[in-house]
Number of protein chains: 2
Amino acid sequence: MNYGLGEREFKNWIVAEERFSTNHLGKCEAIMYLGNGYMGIRSATEETYIGETRNTFISGSFNKFDEHEVTELPNVADVTNLKIIIDGERFSLEFGEVQEYVRKLNIKTAELSRSFIWTSPKGKKIQFEFKRFVSLKNLHLISMKMEVTALSHDIEFKVNSGINGQMTNTGSQHFSEGERRIYDKQYVQLIQTTTQSKIHIVINTTHKVMIGDVEVNEPVMTMDRRKVGLTYNVQIQKGKTLAFEKLANIFTTIDKDVEGKSLDEIRKISLENIKEENCKGYVNVFKEHVNSWKEKVWEKYRIDIKSSEEFDLLAIRFALYNLTAMTPAHDSNMGIGAKGLSGEGYKGHSFWDTEAFILPFFIYCNPIVARSLLEYRYKGLAGARKKAKENGYEGAMYPWEAAWPNDGEVTPVWGGVDIVTGKQAKIWTGFLEQHITSDIAYAIWQYYMITGDEEFMNNCGYEILFDTAKFWVSRLEWNEEKQEYHINDVIGPDEYKEHVNNNAFTNYMAHHNITLAIEYCEKLRKEDKVLYSKLDKILELESSIELWKDKVEKIYLPTPNKDNVIPQDDTYLQKKIINLDKYKNQTKVGSLFEDFNSEQVNEMQISKQADIMMLFYLLENKFSNDVKVASYNYYEPKTLHDSSLSLSTHCILANDLGHKELAYELFNRAINIDLGPSMTTSDHGIHAASFGGAWQCVVMGFAGVRMLGGELRINPSLPEKWEDLSFNIYWKGQLLNIQVTCENVEVSTVGSEKVTLIICNKKYTFNKSIKVKL
Amino acid sequence: MNYGLGEREFKNWIVAEERFSTNHLGKCEAIMYLGNGYMGIRSATEETYIGETRNTFISGSFNKFDEHEVTELPNVADVTNLKIIIDGERFSLEFGEVQEYVRKLNIKTAELSRSFIWTSPKGKKIQFEFKRFVSLKNLHLISMKMEVTALSHDIEFKVNSGINGQMTNTGSQHFSEGERRIYDKQYVQLIQTTTQSKIHIVINTTHKVMIGDVEVNEPVMTMDRRKVGLTYNVQIQKGKTLAFEKLANIFTTIDKDVEGKSLDEIRKISLENIKEENCKGYVNVFKEHVNSWKEKVWEKYRIDIKSSEEFDLLAIRFALYNLTAMTPAHDSNMGIGAKGLSGEGYKGHSFWDTEAFILPFFIYCNPIVARSLLEYRYKGLAGARKKAKENGYEGAMYPWEAAWPNDGEVTPVWGGVDIVTGKQAKIWTGFLEQHITSDIAYAIWQYYMITGDEEFMNNCGYEILFDTAKFWVSRLEWNEEKQEYHINDVIGPDEYKEHVNNNAFTNYMAHHNITLAIEYCEKLRKEDKVLYSKLDKILELESSIELWKDKVEKIYLPTPNKDNVIPQDDTYLQKKIINLDKYKNQTKVGSLFEDFNSEQVNEMQISKQADIMMLFYLLENKFSNDVKVASYNYYEPKTLHDSSLSLSTHCILANDLGHKELAYELFNRAINIDLGPSMTTSDHGIHAASFGGAWQCVVMGFAGVRMLGGELRINPSLPEKWEDLSFNIYWKGQLLNIQVTCENVEVSTVGSEKVTLIICNKKYTFNKSIKVKL
């Protein structure tokens with residue numbers, strides 16, 4: 001891998017691959033994937049290779065294959081594949097000779113390109129150039145271009161291109177085949193319908209094929225099962241270039257912009273749409289797309305790092321690219337998948353990854369999107385209430401994995417092989433990893449504190465806060481001996497510990513959730529009687545609040561032991577300690593399970609990820625520095641960082657605790673989760689949370705931005721290698737520009753309202769701007 | 001392609017490929033497929049190539065993907081694929097150098113083998129030998145062996161092997177995923193259940209891996225979605241050989257030998273079964289299999305041709321191989337698919353191909369199997385009655401395509417692209433190709449005449465004959481003007497003519513069907529009152545027979561025109577005639593549709609296949625020689641033989657009409673349908689009917705064997721190149737051996753009963769044997 005080609009204009013905007021190998025196809029397919037929140041397309045090459053994974057996902061188009069499987073984002077028909085035959089032989093980079101190869105994802109323009117000179121096994125030199133993007137202007141649009149120049153000989157060039165609905169999710173076919181049709185011998189259309197959720201997908205494609213000024217017409221029409229396309233046979237004379245443009249669009253019956261339209265109407269609309277875009281040509285459609293990225297992303301999410309390590313800035317831009325590509329900002333019925341829209345991993349489901357890792361970015365940088373993501377959780381209340389009821393609890397118990405809002409819990413139940421029994425291992429998270437509920441409550445509180453969005457709170461926020469509190473209150477278990485409430489049989493953030501009692505993170509966060517609910521409930525009772533009475537009708541607040549108050553005080557909150565270490569749960573500290581060097585030095589995540597099954601891992605002091613550290617980060621004021629240091633030093637050596645959620649939290653904590661070098665090292669590991677040298681860990685898709693995590697490392701970590709008790713604190717401490725860091729955030733609706741150097745921090749606003757901030761432990765109130773020496 | 005490697009023992013038993021190319025993978029996958037009637041496995045290579053089609057089918061396991069698709073034989077989980085990594089690189093014949101390559105299907109032993117010396121891109125020489133068979137002894141069993149010898153260097157050899165349930169039927173997934181399990185770290189099991197028909201499939205596999213005398217143990221267990229397996233990592237030292245045996249079995253809940261057992265019981269039985277077979281090892285399991293082929297096929301279906309063209313004998317043996325591999329002789333709930341068990345083509349459905357082309361072989365050579373195939377049609381009566389009713393007719397209207405007996409019509413409704421409209425073309429055969437009903441009646445009559453099996457007639461045959469007649473009688477349309485019954489809006493055998501009136505074949509065969517019914521009905525009324533009254537209750541014979549008699553006489557039976565040509569239908573002879581040279585010389589079947597759509601073809605005098613010729617063949621005595629000659633000369637030049645059903649009929653007719661050279665040429669074309677040089681026409685599977693056709697060319701054609709009016713006639717006329725032809729057939733339960741030379745014909749029997757035959761137009765009665773000069 002190579003980052004930054006050195007040319008001035010491309011500096012820190014390019015992720016590039018300079019040698020093609022079929023051994024690790026998943027890497028670039030995933031990390032160079034194209035998306036616009038509406039859809040995501042994995043960057044499999046135009047030509048096919050063994051081991052490739054070709055995916056097109058449409059946000060929200062969930063379908064359940066059968067009653068034994070959970071709902072997932074289905075792999076929609078593919079338009080990216082081109083079957084290229086040169087002089088009767090299949091074109092492949094595995095044959096012949098390849099020179100000047102480069103594949104690039106230009107982050108700035110969100111365009112994928114690939115170019116090389118290929119000498120065929122017969123000795124003919126041919127230059128190839130491929131381009132592709134998924135439009136941010138017209139969310140339905142995919143645009144591709146291929147240029148082929150015959151450098152040394154005439155060539156017979158044949159290309160079959162169209163729409164291939166034979167794609168599956170690793171064997172599970174989610175679509176009934178609809179009509180295949182070719183209009184006017186050039187507009188190719190395929191209809192698919194999800195088998196269970198009955199979402200219709202309409203896909204169109206068309207081509208413009210030129211040699212010089214001469215348009216190539218009369219392709220042969222081809223239809224196969226679930227497949228329709230056109231084959232072009234052309235002779236490219238020596239010195240000539242074939243320009244092959246392919247435009248495709250996708251519409252569905254869940255699209256907001258065609259809401260209420262029939263399938264027939266959508267077919268017509270989509271056909272009109274592609275005809276219109278087709279008139280523009282690749283160049284102009286691309287211009288519009290680049291403009292959208294400029295306006296909606298690069299100007300809006302302005303961030304700059306002056307570092308002697310140029311990769312740092314590239315990585316943060318790459319994070320912003322991904323945060324844009326994967327987020328369905330257009331529709332609050334949809335959440336963010338743990339792998340974005342870049343792979344089948346985690347089936348497109350949303351986890352606490354959104355609230356704990358990604359949402360802070362949107363709250364600070366694009367509150368409208370943050371609100372949409374929280375509205376998704378509001379729409380998910382029905383499913384959360386269902387889950388609570390099914391488990392014998394009250395209120396809203398959020399699903400560990402979420403898909404369509406009212407689906408409820410969609411975590412699969414069976415996983416990979418248990419190396420001891422040879423059976424499939426049971427997945428317990430959907431049953432036991434319950435902290436997701438308080439994580440969502442926490443996120444709502446954070447959103448409210450940072451944005452001051454009363455409207456959202458009135459319409460959605462309070463109801464979630466109260467109903468999640470109701471869940472926790474019903475969930476508490478009275479321990480007669482200790483005379484306190486326990487939360488038993490859970491999984492905390494550290495998923496290597498199943499069926500534990502009193503996971504500290506879980507207990508503290510539940511306590512926080514209930515506390516918030518009490519606070520806001522009393523506030524509303526006083527200040528907004530109409531709303532209070534409306535919510536009381538739904539949630540029986542009046543009869544609950546005294547119970548909440550009584551119980552919340554008796555929740556057991558683990559305290560530090562004699563070594564100042566907070567026990568992660570009731571038994572962690574008593575478990576066996578083994579040498580973890582082998583796994584700490586692993587090249588592949590989860591290597592532990594080649595030696596142990598999960599029951600064995602459960603009995604040892606081994607952590608997958610930040611657990612207590614996450615608690616310190618979210619409820620920072622509840623713990624002393626000594627406890628944080630001691631706990632960090634105790635747990636980190638036992639943590640394998642086998643989750644992509646682990647490193648950014650450790651980085652922030654390390655910086656908080658003054659370990660600057662360590663923090664920067666952890667930051668580096670965090671931004672290398674997908675961009676780094678490991679060639680297989682992104683196979684199932686990029687790590688969505690890690691991009692939110694990377695942004696948090698920079699803003700929450702090195703810039704020390706934190707919302708604490710409703711106030712904004714800035715407490716920067718830049719890495720040695722950084723000269724300057726500047727970025728925008730919104731605070732209570734106002735845009736702040738923050739610039740940090742090793743010497744001072746400067747905050748300026750665009751608006752005229754006064755702003756109050758705590759900078760380096762001192763409160764400042766200002767309008768326009770302020771500069772504070774560090 | 002090469003046939004016969006020259007070694008004496010292999011002579012005329014080997015179909016071989018001497019150069020591997022990924023351009024035409026389908027050819028050998030299909031024509032070298034392995035089967036035992038219970039299952040069929042396409043011969044995709046162990047290692048994967050782009051463009052391969054890997055199929056495993058279990059007879060009768062039909063499933064319907066959704067309400068828009070028709071039921072089809074699902075592609076069961078694969079066990080043939082081995083993922084081989086040598087020194088960290090994927091093994092593929094597309095890389096490195098290949099020497100001494102040969103892939104062979106040994107027809108005698110029904111074993112597929114492949115061997116070569118491969119020099120890796122890194123310059124290491126390695127010898128490979130692969131073997132594989134599907135047992136005819138234990139129908140559930142698949143056995144594979146791979147031997148790898150490191151010739152020049154030590155190699156790191158890694159192989160992943162197991163069961164892969166990610167297979168689909170060109171994108172349609174027919175299975176819900178059941179449990180994956182590895183017992184004792186060595187017995188790998190995967191359960192699948194068809195989504196609609198709810199058939200459970202249990203697949204097991206196990207390995208024995210040796211280097212010299214040392215067994216390789218401790219594989220790594222791997223599980224993925226729909227996939228489970230083991231990975232072996234071994235070092236093969238220079239000069240050493242790795243012997244890798246893989247045994248697999250498949251059981252289903254529709255298997256007769258585990259009828260009534262629960263899934264859990266079948267899992268246990270199948271596991272016991274594979275453990276038992278595993279103790280024997282490849283060599284011994286193979287011996288048992290070869291023995292079964294000897295007993296059940298080569299000794300039973302003895303046929304010998306002494307020809308200067310050795311390919312003739314190989315081809316006829318290849319036909320017998322295929323007739324065995326594809327026929328579900330073990331279960332009368334199952335029919336023969338038009339592509340056998342060798343590909344997805346025609347979805348495993350049975351057509352008139354069985355009755356008109358394949359059944360004669362079984363009637364004459366293995367009447368028990370013939371009976372089972374007719375019982376399949378008897379079980380299909382419910383579906384046939386349903387179809388009649390749905391179409392507003394009485395009696396039994398057989399489905400054009402049949403799957404599970406009571407499914408009724410399963411012909412798909414939409415096909416490939418219409419090049420004029422760009423829409424999918426409608427498939428009319430399921431609606432209009434109605435002659436299948438009389439073809440089945442004809443086959444029953446033929447079976448009865450040749451075997452004399454009264455029991456079958458009493459239990460099944462009469463009921464079919466009468467109920468199919470009832471259909472036809474209700475189907476006839478009164479033409480007031482002509483005062484006769486017409487059959488309008490049909491497709492005859494020639495499928496290039498849709499929506500025609502009075503297709504001669506259809507009218508004559510319907511007439512024959514009704515005539516037979518009247519004859520047997522009257523016979524039963526006189527001779528078997530109990531049976532008659534039983535059938536009368538079901539079919540209301542008493543009230544029908546006079547109507548049948550009245551109508552049958554008034555059916556319009558097309559007569560020759562002034563040129564002695566029988567019109568194929570009411571309009572054929574008036575249609576446009578175009579020059580067909582281009583299509584007659586095509587290298588690919590159906591090239592016509594690249595220039596015309598079916599509506600345009602319908603308006604021209606172009607035939608797909610034998611139509612009037614088929615009529616002459618089946619009802620030979622109804623037409624004069626002059627009419628046959630004139631019609632042959634008229635229609636053959638207009639026939640593109642775009643159906644594999646065409647050539648054998650033309651061959652037999654040509655021989656009947658005295659065109660010996662032409663007949664032999666047509667025979668040659670017929671036996672080259674799959675074995676010939678066309679590298680793509682077998683892609684979707686072998687042509688099942690063509691193997692019955694090849695046998696008929698020899699026995700009905702060159703030997704001139706024919707059942708005529710209940711008598712057996714032999715009227716041989718061997719090709720110039722043939723010296724001697726001998727074969728066995730059963731006549732009324734007696735085994736006859738017939739030996740034909742250009743000078744005489746000799747018939748001998750094993751039994752002691754007298755036999756009456758017509759040899760060269762003269763009747764002979766004899767026991768033991770008779771020799772007649774030609």
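Keep in mind that this is a model prediction, so the values were computed, not measured. (Residues numbered from 1 in each chain as written. Chains lettered and ligands numbered in written order. Predicted model: local features only at pLDDT ≥ 70, side-chain atom pairs only at ≥ 80, totals over all residues. Heavy atoms only, no water.)

Visitor: An account of the overall build of chain A is requested, with residue identities and associated values reported.
Guide: The secondary structure content of chain A amounts to 19 helices and 32 strands. A compact globule built from 774 residues would reach a C-alpha radius of gyration of about 28 Å, and chain A, at 27 Å, matches this within 12%. Its C-alpha atoms give chain A principal-axis dimensions of roughly 85 × 60 × 55 Å. The burial tally for chain A puts 64% of its 774 residues in the buried class. Sequence separation of 24 or more characterises 67% of the internal contacts of chain A that already satisfy a separation of 6 or more. Taken as a whole, chain A presents about 28,100 Å² of accessible surface, with 47% of it coming from carbon and sulfur. Taking the 91 positively charged and 107 negatively charged side chains of chain A as two groups, their mean positions are separated by 3 Å. (Helix = DSSP H or I, 4+ residues; strand = E, 2+ residues; numbered from the N terminus. Rg over C-alpha atoms; globule rule 2.2 N^0.38 Å. Buried < 20%, exposed > 50% of the residue type's maximum accessible area, 1.4 Å probe, protein only. Contact = heavy atoms within 4.5 Å. Areas by Shrake-Rupley, 256 points an atom, 1.4 Å probe, with all protein chains shown as cover. Lys, Arg positive; Asp, Glu negative; His and termini not counted. Charge placed at Lys NZ, Arg CZ, Asp CG, Glu CD.)

Visitor: Pulling in residues and values, what's your account of the packing of helix α4 (residues 352-365) of chain A against helix α8 (residues 436-451) of chain A?
Guide: Each packed pair of helices is defined by two parameters, the angle between the axes and the distance between the axes. All names here are of chain A. Viewed as axis vectors pointing N to C, α4 and α8 meet at an angle of 5 degrees, and their least axial separation amounts to 9 Å. Accordingly, the angle class assigned to the pair α4 and α8 is roughly parallel. Together, Trp352, Glu355, Leu359, Pro360, Ile363 and Tyr364 of α4 and Ile436, Asp439, Ile440, Ala443, Gln446, Tyr447, Ile450 and Thr451 of α8 make up the contact between the two elements. Split by residue class, the contact of α4 with α8 holds 10 nonpolar, 2 polar and 2 charged. (Axes fitted to C-alpha atoms, helices over the stretch in contact; angles between N-to-C directions. Parallel < 35°, antiparallel > 145°, perpendicular 65-115°, else oblique. Nonpolar A, V, L, I, M, F, W, Y, C, P; charged D, E, K, R; others polar.)

Visitor: A description of helix α6 (residues 381-390) of chain B should follow, citing residues and the corresponding values.
Guide: The α-helix winds at 3.6 residues per turn, so residues separated by three or four positions along the chain end up facing the same way. All names here are of chain B. Buried within α6 we find Leu381, Gly383, Ala384, Lys387 and Ala388. Here the buried residues of α6 occupy an arc of 160 degrees about the axis, which is enough to place them on one side. Along α6, the residues that are exposed and aim more than 90 degrees away from the buried face are Lys389 and Glu390. Where α6 terminates, the next one or two residues include glycine 392, which has phi positive at roughly 80 degrees. (Arc of directions from axis to C-beta.)

Visitor: So what's going on with the pattern of salt bridges? Which residues, and what values?
Guide: As a working rule, side chains carrying opposite charge can pair if their charged atoms are close by. Residue and element names in this part refer to chain A. By the definition in use, this model includes 87 salt bridges over all chains. With a shortest N-O distance of 3.2 Å, glutamate 309 and lysine 721 are connected by a salt bridge. A residue pair is termed long-range when its members are at least 10 positions apart, and glutamate 309 in the loop between β20 (303-307) and α3 (310-326) and lysine 721 in the loop between β26 (711-714) and β27 (722-731) qualify at 412 residues. The class for glutamate 309 is partly exposed, based on a relative accessible area of 33%. Residue lysine 721 is classed as partly exposed on the basis of its relative accessible area of 39%. A salt bridge links glutamate 620 to arginine 706; its shortest N-O distance comes to 2.6 Å. Here the residue glutamate 620 occupies a position in the loop between α15 (612-618) and α16 (625-635), and arginine 706 occupies one in strand β25 (residues 706-708), the gap between them amounting to 86 residues. Owing to a relative accessible area of 9%, glutamate 620 belongs among the buried residues under this scheme. (Salt bridge = Lys/Arg side-chain N within 4 Å of Asp/Glu carboxyl O.)

Visitor: Account for the nonpolar core, with residues named and values stated.
Guide: If you look at soluble globular proteins, the nonpolar side chains tend to sit buried side by side. Ranked by internal contacts, the top residues of the largest apolar core, which has 231 residues, are Phe157, Phe466 and Val705 of chain B. Excluding residues within four positions of it along the chain, phenylalanine 157 of chain B makes contact with Ile84, Ile85, Ile86, Phe128, Met146, Val148, Tyr232, Asn233, Val234, Ile236 and Leu242 of chain B. Core analysis: the second largest hydrophobic core is formed by 229 residues, Met39, Ile545, Leu618 and Leu718 of chain A among them. (Core = buried A, V, L, I, M, F, W, Y, C linked by side-chain atoms within 4.5 Å.)

Visitor: Tell me about the relation of the copies chain A and chain B, and please be specific about residues and values.
Guide: Aligned on chain B, chain A shows an RMSD of 0.1 Å; the corresponding rotation is 180 degrees and the shift along the axis is 0.0 Å. In short, the pair behaves as if placed about a two-fold rotation axis. In terms of C-alpha distance to the rotation axis, chain A has glutamine 173 of chain A as its closest residue, with the C-alpha 2.7 Å off the axis. The share of interface residues of chain A whose copies in chain B are also at the interface is 100%, consistent with both copies meeting through the same surface. (Least-squares fit on C-alpha atoms with pLDDT ≥ 70 in both.)

Visitor: Describe the state of the cysteines, with residues and values.
Guide: Summed over the entire model, instances satisfying the criterion amount to 0 disulfides over all chains. With no disulfide of its own, cysteine 521 of chain A has cysteine 460 of chain A as its nearest cysteine by sulfur position, at a separation of 17 Å. Cysteine 651 of chain B takes part in no disulfide bond, and the closest cysteine sulfur to it belongs to cysteine 697 of chain B, at a distance of 3.5 Å. (Disulfide = S-S within 2.5 Å.)

Visitor: Can you lay out the sheet that holds strand β30 (residues 755-759) of chain B for me, pointing to particular residues and giving the numbers?
Guide: Residues and elements named next belong to chain B. Strand order in this open sheet of 4 strands is β25-β26-β30-β31, and the pairing throughout is mixed. Of all the strands in the sheet, the pair left with one neighbour each is β25 (705-708) and β31 (762-766). Strand-to-strand twist across the sheet, computed as the mean angle between neighbouring axes with direction ignored, equals 35 degrees. Of the strand pairs in this sheet, β30 and β31 are connected by 5 bridges, and their pairing is antiparallel. Paired with isoleucine 758 across the strands is lysine 763, a residue of β31. (Pairing = 2+ DSSP bridges.)

Visitor: Which residues make up the side chain of threonine 451 of chain A, and what are the values?
Guide: All names here are of chain A. Looking at the secondary structure, you find threonine 451 in helix α8. Classification of threonine 451 as buried rests on a relative accessible area of 15%. A distance of 2.6 Å separates the side chain of threonine 451 from the backbone oxygen of tyrosine 447, its partner in a polar contact. A distance of 3.1 Å separates the side chain of threonine 451 from the backbone nitrogen of aspartate 453, its partner in a polar contact. Ignoring anything within four residues of it in the chain, the contact list for threonine 451 reads Ile363, Pro367, Lys732 and Gly733. (Polar contact = N/O pair within 3.5 Å; in protein donor to acceptor, adjacent residues only side chain to side chain.)

Visitor: So what's going on with the confidence of the model for chain A? Residues and values would help.
Guide: A residue-level look at chain A finds 99% of positions with pLDDT of 70 or above and a mean pLDDT of 96. The low-confidence segment residues 1-10 of chain A, where pLDDT is below 50, has 21 contacts with residues more than four positions distant or belonging to other chains. (pLDDT = per-residue confidence, 0-100.)

Visitor: I'd like to hear about the packing of aromatic side chains, residue by residue, with values.
Guide: Geometry of an aromatic ring pair is reported as the spacing of the ring centres plus the angle between the planes. Residue and element names in this part refer to chain A. Under the definition given, this model contains 95 aromatic pairs over all chains. Summarising the aromatic geometry, the rings of tyrosine 442 and tryptophan 445 are spaced 5.5 Å apart at their centres and angled 65 degrees between planes, so their arrangement reads as edge-to-face. Taken together, the residues tyrosine 442 and tryptophan 445, both in helix α8 and 3 residues apart, mark about one turn of the helix. For the pair tyrosine 442 and tryptophan 445, a shared accessibility class is recorded, and that class is buried. Pairwise contacts between aromatic rings join Phe20, Tyr49, Phe91, Tyr101, Phe116, Trp118, Phe128 and Phe130 into one cluster. The cationic tip of lysine 426 hangs over the ring face of tryptophan 428; the distance from NZ or CZ to the ring centre is 4.5 Å. (Phe/Tyr/Trp six-rings, centres within 6.5 Å; stacked < 30°, edge-to-face > 60°. Lys NZ or Arg CZ within 6 Å of the ring centre and 35° of its normal.)

Visitor: Let's hear about the interface of chain A and chain B: which residues, and what values?
Guide: Counting from both sides, the interface comprises 48 residues of chain A and, opposite them, 48 residues of chain B. Here chain A meets chain B over a buried area of about 3,800 Å², counting both sides, of which 48% is carbon and sulfur. Between the two partners, chain A and chain B, sit 8 salt bridges. Between arginine 226 of chain A and glutamate 69 of chain B there is a salt bridge, with the nearest N and O atoms lying 3.2 Å from each other. Inspection of the region where chain A meets chain B yields 22 residue pairs in polar contact (both at pLDDT 80 or more). Mapped by element, the contributors of at least two residues to the side of chain A that touches chain B are β7 (89-90), β13 (175-183), β17 (220-224) and β21 (414-417) of chain A. The leading source of residues in the side of chain A that touches chain B is β13 of chain A, at 8 residues. Each residue belonging to the side of chain A that touches chain B can be placed in one class, and the counts come to 10 nonpolar, 19 polar and 19 charged. (Buried area = accessible area lost by both parts, 1.4 Å probe.)

Visitor: A description of the sheet that holds β25 of chain A should follow, citing residues and the corresponding values.
Guide: Residues and elements named next belong to chain A. Overall, mixed pairing links the 4 strands, which are arranged β25-β26-β30-β31 in an open sheet. Strands at the two margins of the open sheet, each flanked by one partner only, are β25 and β31 (762-766). Between one strand and the next, the sheet's axes are offset by a mean angle of 35 degrees, whatever the strand orientation.

Visitor: Explain the environment of tyrosine 364 of chain B to me, and be specific about the residues and the numbers.
Guide: Residues and elements named next belong to chain B. Here tyrosine 364 is to be found in helix α4 (residues 352-365). Measuring from C-alpha to C-alpha, the distance between tyrosine 364 and glutamate 711 comes to 13 Å, with 347 residues separating the pair along the chain. If near-sequence neighbours (up to four positions away) are discounted, tyrosine 364 is found in contact with Ile450, Trp695, Met700, Val705, Arg706, Met707, Leu712, Ile729 and Tyr730.

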